[in-house]
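Residue strings, one per chain:
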Amino acid sequence: MRAFADKKDKGRKPALFLDRDGVLIRDREGFYLKKLEEVRVYPTAVEGLKKISGLGYRLIVLTNQSAIARGYISLSESVGINKFIAAYFRKRGVKISGIYFCPHLPDSGCSCRKPSTGLVKEALKDFRTDLKRSFMAGDKQSDMKLAAAAGLNSVFVLTGQARKQMKKYNIKADFRIKDLRGLKRALKNL
Ligand SMILES: [Mg+2]
Ligand SMILES: [Zn+2]
């Protein structure tokens, strides 16, 4: 589902698809964000995204939010939090053009929960995208699998749940970065 998309942002560009929890904002295993007051944006995310602002990437957030189906948070509250996060970045000079989320449970069989590619497809309907030069950055195996399935370059970000994920899975990614401040170098190495 779409939280919002800036339809005025036209033109064909590569996309930087970003996971939200654990990449833009703080996250830990078993934690479900329920309130705006619980949002903690990583300063390194703001800094890292500012550094790439001249490179011509369109920033699009793709996020699994099973908290909605679990009944921890309503759909409109979740959309509100997503818009709040976008506004937070915008005030600091970082433009996020769209946020898409999966509201379903992990075992729902839906086509939008990462690593399924539904959210990428939804975003591609709204934005003309140079897929070959596009990236997916995330802190989980599911983000890297989505990247592989959608034909995107993958960036594994070592914030959020990354270290726990590395213990569980053999993570395959094109690039690994400590936090989003390392994005610029990864993007330039494409
Ligand atoms: Mg995450
Ligand atoms: Zn879904």
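Conventions used here
- Residues numbered from 1 in each chain as written.
- Chains lettered and ligands numbered in written order.
- Predicted model: local features only at pLDDT ≥ 70, side-chain atom pairs only at ≥ 80, totals over all residues.
- Heavy atoms only, no water.
- Donors = N, O, S within 2.8 Å, 3.2 Å for Na, K, Ca; no water.
- Tetrahedral: all angles 85-135°; square planar, octahedral: opposite > 155°, others 65-115°.
- Buried < 20%, exposed > 50% of the residue type's maximum accessible area, 1.4 Å probe, protein only.
- Helix = DSSP H or I, 4+ residues; strand = E, 2+ residues; numbered from the N terminus.
- Pairing = 2+ DSSP bridges.
- Axes fitted to C-alpha atoms, helices over the stretch in contact; angles between N-to-C directions.
- Contact = heavy atoms within 4.5 Å.
- Salt bridge = Lys/Arg side-chain N within 4 Å of Asp/Glu carboxyl O.
- Phe/Tyr/Trp six-rings, centres within 6.5 Å; stacked < 30°, edge-to-face > 60°.
- Lys NZ or Arg CZ within 6 Å of the ring centre and 35° of its normal.

Draft legend 1. Summary view of the coordination of the zinc ion (ligand 2). Binding of the zinc ion (ligand 2) to the protein goes through Cys 102 (SG), His 104 (ND1), Cys 110 (SG) and Cys 112 (SG), at separations of 2.1 to 2.2 Å. One way to put it: the four donor atoms around the zinc ion (ligand 2) meet at angles of 102 to 117 degrees, and that makes the site tetrahedral. Sequence positions of the residues that donate to the zinc ion (ligand 2) give the spacing C-x1-H-x5-C-x1-C. Under the relative-accessibility criterion, His 104 is labelled partly exposed at 31%.

Draft legend 2. Representation of the environment of Cys 102 within the structure. Checked against the element boundaries, Cys 102 lands in strand S4 (residues 96-102). Between the alpha carbons of Cys 102 and Ile 73 there is a distance of 13 Å; along the sequence they are 29 residues apart.

Draft legend 3. Spotlight on the sheet that holds strand S2 (residues 15-18). The strand order S1-S4-S3-S2-S5-S6-S7 describes an open sheet built from seven strands, whose pairing is mixed. The open sheet has two edge strands, strand S1 (2-5) and strand S7 (175-177), and neither has a second partner. The average angle at which neighbouring strand axes cross in this sheet is 20 degrees, direction not considered. Strand direction decides the pairing type here: S1 and S4, joined by three bridges, are antiparallel. Across the sheet, residue Ala 5 finds its bridge partner in S4, namely Gly 98. Sheet strands touched by helix H2 (residues 75-91): S1, strand S3 (58-64) and S4. Its angle to S4, the strand with the most contacts, is close to 155 degrees.

Draft legend 4. Structural detail: helix H3 (residues 118-126). Every buried residue of H3 is listed here: Gly 118, Leu 119, Val 120, Ala 123 and Asp 126. At its buried positions, H3 is contacted by S1, S2, S3, S4 and helix H4 (141-150).

Draft legend 5. Here's a closer look at the pattern of salt bridges. For the structure shown, the criterion picks out 14 salt bridges. Salt-bridge contacts for Asp 6 lead to Lys 95; the nearest nitrogen and oxygen are separated by 3.1 Å. Of this pair, Asp 6 sits in the loop between S1 and S2 while Lys 95 sits in the loop between H2 and S4, and the two are 89 residues apart along the sequence. A salt bridge links Asp 19 to Lys 114; the shortest N-O distance between them is 2.8 Å. Note that Asp 19 is positioned in the loop between S2 and helix H1 (43-51) and Lys 114 in the loop between S4 and H3, a separation of 95 residues in sequence. When salt bridges with common partners are traced through the structure, they connect Asp 6, Asp 9, Lys 13, Arg 58 and Lys 95 into a single cluster.

Draft legend 6. Expanded view of the packing of aromatic side chains. As enumerated under the stated definition, the model contains four aromatic pairs in all. Ring geometry for Tyr 57 versus Phe 135: centroids 6.0 Å apart, planes at 70 degrees, classification edge-to-face. A residue pair is termed long-range when its members are at least 10 positions apart, and Tyr 57 in the loop between H1 and S3 and Phe 135 in strand S5 (residues 135-138) qualify at 78 residues. Phe 135 gets classed as buried once you look at its relative accessible area, which sits at 0%. Between Tyr 88 and Phe 89, the ring centres sit 6.1 Å apart and the planes meet at 70 degrees, which makes this aromatic pair edge-to-face. Residue Phe 89 is classed as buried on the basis of its relative accessible area of 0%. Counting every residue linked through ring pairs, the aromatic cluster contains Tyr 57, Phe 135 and Phe 175. One residue, Lys 34, lies across the ring of Tyr 72, its end atom 5.3 Å from the ring centre.

Draft legend 7. Here's a closer look at the coordination of the magnesium ion (ligand 1). Coordination of the magnesium ion (ligand 1) by the protein is provided by Asp 19 (OD), Asp 21 (O) and Asp 139 (OD), with metal-donor distances spanning 2.1 to 2.2 Å. Going along the chain, you hit the donors of the magnesium ion (ligand 1) in the pattern D-x1-D-x117-D. Here Asp 21, found in the loop between S2 and H1, pairs with Asp 139, found in the loop between S5 and H4; they are 118 residues apart in sequence, far enough to count as distant. Each of the two residues, Asp 21 as well as Asp 139, counts as buried.

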